[in-house]
Amino acid sequence: MYRFLMSRQWVILTLVALLLIPTMIRLGIWQMHRYEERTARNQLVTDALAAEPVPVEKLTAPGHTVTSAERYRTVTAKGRFDTADEVVVRRRTNADDEVGYHVLTPFVLDDGKVLLVNRGWIPSDGPSQTAFPKVPAPPGGEVTIKGRLMPDETTAASGIKNLQGLPDRQIMLINSAQEARRLDARVLGGYIAQTAPEPAGDVPELLGDPGEEDAALNYAYAVQWWLFSAAVPIGWVFLARREARDRAQASAAPAGDRESEPATA
């Protein structure tokens, strides 16, 4: 009855089904791993944002690599802004996806070390892309600032190429080691995204809080792949039974026709 399963067509169909089942299971496992990673990251962000502010030098120092547990921690610093060595970071967008610059200003601490401060976003509405844009001045004199600690930017993590030969006082990536060489100073590892005090006139535009990744979507994809993997053998059995039924009906039809013919002398 099921001898047709040995045909070339059904052998190929069976091999494809046997290949699809483990592939879909592995895709579901991969999506579940992504769900767990995103859930863990969301928890780290939530914990970091909820933590009490601490002095920046408790979490970072010259040459320090900011860890995932330290990322987004709120820190404070007391010192003065050094606008003479201020630079802008090219090709950055705001909440409305408008392209402009991030303003990176060295902040000299009381002990002489330098903290890199991303003061926020400004539009690229200058006369050209090579001219240094007009940047609103930060508060003068000694001031206490607050911000979220961030790791150094790299091409591998951001996908942004660290181009050479840029216009004066323009950079592509915020990197403390690179800025330490430029400033010839002891620069704390990483940088902060300033959150306070807020700038006069809301310019530069402060960076928003980090959003949560949609971990639930990966969970749904994992369940979906596993349901697909379960549907493959069910579909194979359904097709095989239908094929067997159709063949049985086809082979029985001629005999039935002969029985219905009238007898002759």
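Residues numbered from 1 in each chain as written. Predicted model: local features only at pLDDT ≥ 70, side-chain atom pairs only at ≥ 80, totals over all residues. Heavy atoms only, no water.

Trainee: How do you make sense of helix 1 (residues 8–50) when you look at a structure like this?
Mentor: An α-helical turn contains 3.6 residues, so a residue and the one three or four places further along point in the same direction. For helix 1, with 43 residues, the first-to-last C-alpha span of 63 Å sits near the 63 Å given by 1.5 Å per residue. Buried within helix 1 we find Trp10, Ala17, Met24, Gly28, Gln31, Met32, Arg38, Asn42, Val45 and Ala48. (Helix = DSSP H or I, 4+ residues; strand = E, 2+ residues; numbered from the N terminus. Expected span 1.5 Å × (residues − 1). Buried < 20%, exposed > 50% of the residue type's maximum accessible area, 1.4 Å probe, protein only.)

Trainee: Sorry if this is basic, but what is going on with a nonpolar patch on the surface here?
Mentor: Judged by side-chain polarity, Ile25, Ile29, Tyr219, Val223, Trp226 and Leu227 come together as a nonpolar surface patch covering roughly 510 Å² of accessible area. Ranked by residues supplied to the nonpolar patch, first place goes to helix 4 (residues 215–260) with four residues. Note on placement: Val223 falls in helix 4. Residue classification places Val223 among the partly exposed residues on the basis of a relative accessible area of 34%. (Patch = residues over 30% accessible without salt bridge, like charges linked within 9 Å, V, L, I, M, F, W, Y side chains within 5 Å. Areas by Shrake-Rupley, 256 points an atom, 1.4 Å probe, with all protein chains shown as cover. Salt bridge = Lys/Arg side-chain N within 4 Å of Asp/Glu carboxyl O.)

Trainee: Explanation requested: the nonpolar core in the structure shown.
Mentor: Taken as a class, soluble globular proteins show a tendency for nonpolar side chains to be buried jointly. Leu104, Leu116, Ile174 and Val187 are the most contacted members of the largest nonpolar core, which has 17 residues in total. When contributions to this core are tallied by element, the ones reaching two or more residues are helix 1, strand 3 (87–93), strand 4 (99–109), strand 5 (114–123), helix 3 (176–183) and strand 8 (191–196). In this structure Ile174 touches Val89, Leu104, Leu116, Asn118, Asp152, Glu153 and Tyr191, once residues within four positions along its chain are discounted. Among the nonpolar cores identified, the runner-up in size contains 16 residues, and Val54, Phe81, Leu109 and Leu149 belong to it. (Core = buried A, V, L, I, M, F, W, Y, C linked by side-chain atoms within 4.5 Å. Contact = heavy atoms within 4.5 Å.)

Scope: geometric values only; no functional claims are made or implied.
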